[in-house]
Amino acid sequence: MRFVYPQGKRKALTFSYDDGQNFDERLAELLRSHGMKGTFHLNSGKLGLRHGNEVFVSKEEIAKVYAGHEVACHGVEHRNLPTITRQQVILEIQEDRKALEAITGQPVQGMSYAFGNYNEEVMDIARTLGIKYSRTVQETKNFFPPSDFLAWHPSCHHNSGLLELGDSFINIAGFYELPIMYVWGHSFEFGRSGDWSVIEAFVDKMAGKEDIWYATNMEIYTYIHAVRQQDFSADGKVMYNPTAYSVWVNTGRGTEEVKSLQSIQLV
């Protein structure tokens with residue numbers, strides 16, 4: 001028996017982009033037009049501001065710009081969390097959640113660490129404040145799910161061999177279980193230079209694959225968290241799903257959906 005993604009898809013692809021500058025609009029539409037989803041990490045204290053050539057998406061634009069995608073935290077003011085006080089870290093995370101939830105009308109429980117900086121205390125605070133996952137900037141160049149979602153290391157930055165890694169993902173070896181390709185960056189890296197060729201070529205390459213689940217960061221966290229809560233009989237022949245979410249498995253009979261509170265005979 002092997003776990004697979006919803007509808008029996010073998011792989012998952014997700015994107016994570018920080019800071020909420022106005023170039024997000026083009027990137028979000030590019031992903032949408034190719035049937036893909038991303039997570040956009042925003043600093044609520046900067047919404048609608050202009051600083052020189054930096055223009056941030058306003059709160060009035062969020063619903064339109066990020067339609068079909070996930071909005072997540074990046075800290076109210078993009079502060080370096082390991083260097084400030086515990087109370088300030090709490091305010092950076094909690095107030096960002098509150099502001100973004102007020103705008104979106106949805107729970108906001110994902111995050112990326114400003115500057116990619118974090119430590120055990122920051123992770124503990126984030127967990128206590130209801131954050132389910134947080135992305136770092138430490139590239140893995142592989143596709144394994146994280147052991148701890150509060151230190152979720154991406155596969156690569158979009159300027160770090162993206163197309164070549166995409167080829168590896170398409171042709172991934174069979175031993176990977178629940179593989180994820182996780183791409184991160186900032187949309188202003190495309191917008192300021194005017195060169196969108198890498199990300200456009202990548203989404204063209206990866207679009208329309210029947211074995212890929214195109215998902216937000218939170219959707220992937222939620223699914224894998226459910227997978228990790230599955231119960232098994234002592235002999236491993238029966239699986240029980242105690243969660244509120246369906247989980248899909250490949251058995252000798254093929255791909256099967258195990259619904260919430262359902263048991264399945266595996267062999």
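Further up the page is the structure itself.
It should be emphasised that the depicted structure is a prediction, and the values quoted were computed from it without experimental measurement.

A.B. asks: Outline the side chain of Thr-251, supporting the account with residue identities and numerical values.
C.D. replies: Secondary-structure assignment places Thr-251 in strand S14 (residues 247–251). Looking at Thr-251, its side chain comes within polar contact range of the side chain of Glu-256, at 3.0 Å. Apart from the residues within four sequence positions on either side, Thr-251 is in contact with Met-1, Glu-256 and Leu-266.

A.B. asks: I'd like a rundown of unusual backbone geometry, residues and numbers included.
C.D. replies: Phi angles above zero are rare outside glycine, and His-78 is one such case at about 60°. Its location among the elements puts His-78 in the loop between strand S6 (70–73) and helix H3 (86–104). Residue His-78 is classed as buried on the basis of its relative accessible area of 14%. For Leu-261, which is not glycine, the phi torsion reads 65° and is therefore positive.

A.B. asks: Can you explain helix H5 (residues 162–170)? Please cite residues and give values.
C.D. replies: Inspection of H5 places Leu-162, Leu-165, Gly-166 and Phe-169 among the buried residues, and these make up the whole buried set. For H5, the angular spread of the buried residues around the axis is 105°, confining them to a single face.

A.B. asks: Tell me what's going on with the sheet that holds strand S1 (residues 2–4), and back it up with residues and numbers.
C.D. replies: Remark on secondary structure: sheet strands pair via backbone hydrogen bonds, oriented parallel or antiparallel. In space, the 3 strands of this open sheet follow the order S1-S14-S15, with antiparallel pairing throughout. One side of each edge strand has no neighbouring strand; the edge strands of this open sheet are S1 and strand S15 (254–258). For this sheet, the mean angle separating the axes of adjacent strands, direction not counted, is 35°. Of the strand pairs in this sheet, S1 and S14 are connected by 3 bridges, and their pairing is antiparallel. Among the inter-strand pairings, Phe-3 is bridged to a residue of S14, identified as Val-249. Contacting S1 and S14, helix H8 (residues 217–227) runs over the sheet at an angle of about 60° to S14.

Calculation notes
Residue positions are given per chain, counting from 1 as you read along its sequence in written order. Local features are withheld for residues below a pLDDT of 70 in this predicted model, meaning they are given only at 70 or higher, and side-chain atom pairs are given and counted only at 80 or more; totals for whole chains, interfaces and linings count all residues. Side-chain numbers here rest on the full set of heavy atoms in the structure, without hydrogens or water. Numbered from the N terminus, helices here are DSSP runs of H or I no shorter than four residues, and strands are runs of E no shorter than two. Contacts described as polar in this section are N or O atom pairs within 3.5 Å, which, within protein, must combine one atom able to donate a hydrogen with one able to accept it, while residues neighboring in sequence count only if both atoms come from side chains. Note on contacts: a residue pair is in contact if any heavy atoms of the two residues lie within 4.5 Å. Exposure categories follow from relative accessible area, calculated using a 1.4 Å probe and restricted to protein chains: below 20% of the type maximum is buried, above 50% is exposed, and the middle band is partly exposed. Here the arc refers to the directions that run from the helix axis out to each C-beta atom. Two strands qualify as a pair provided that DSSP identifies no fewer than 2 bridges between them. In this description, a line fitted to the C-alpha atoms serves as the axis of each element, helices being fitted only across the stretch in contact, and the angle between N-to-C directions of two axes falls anywhere from 0 to 180 degrees.

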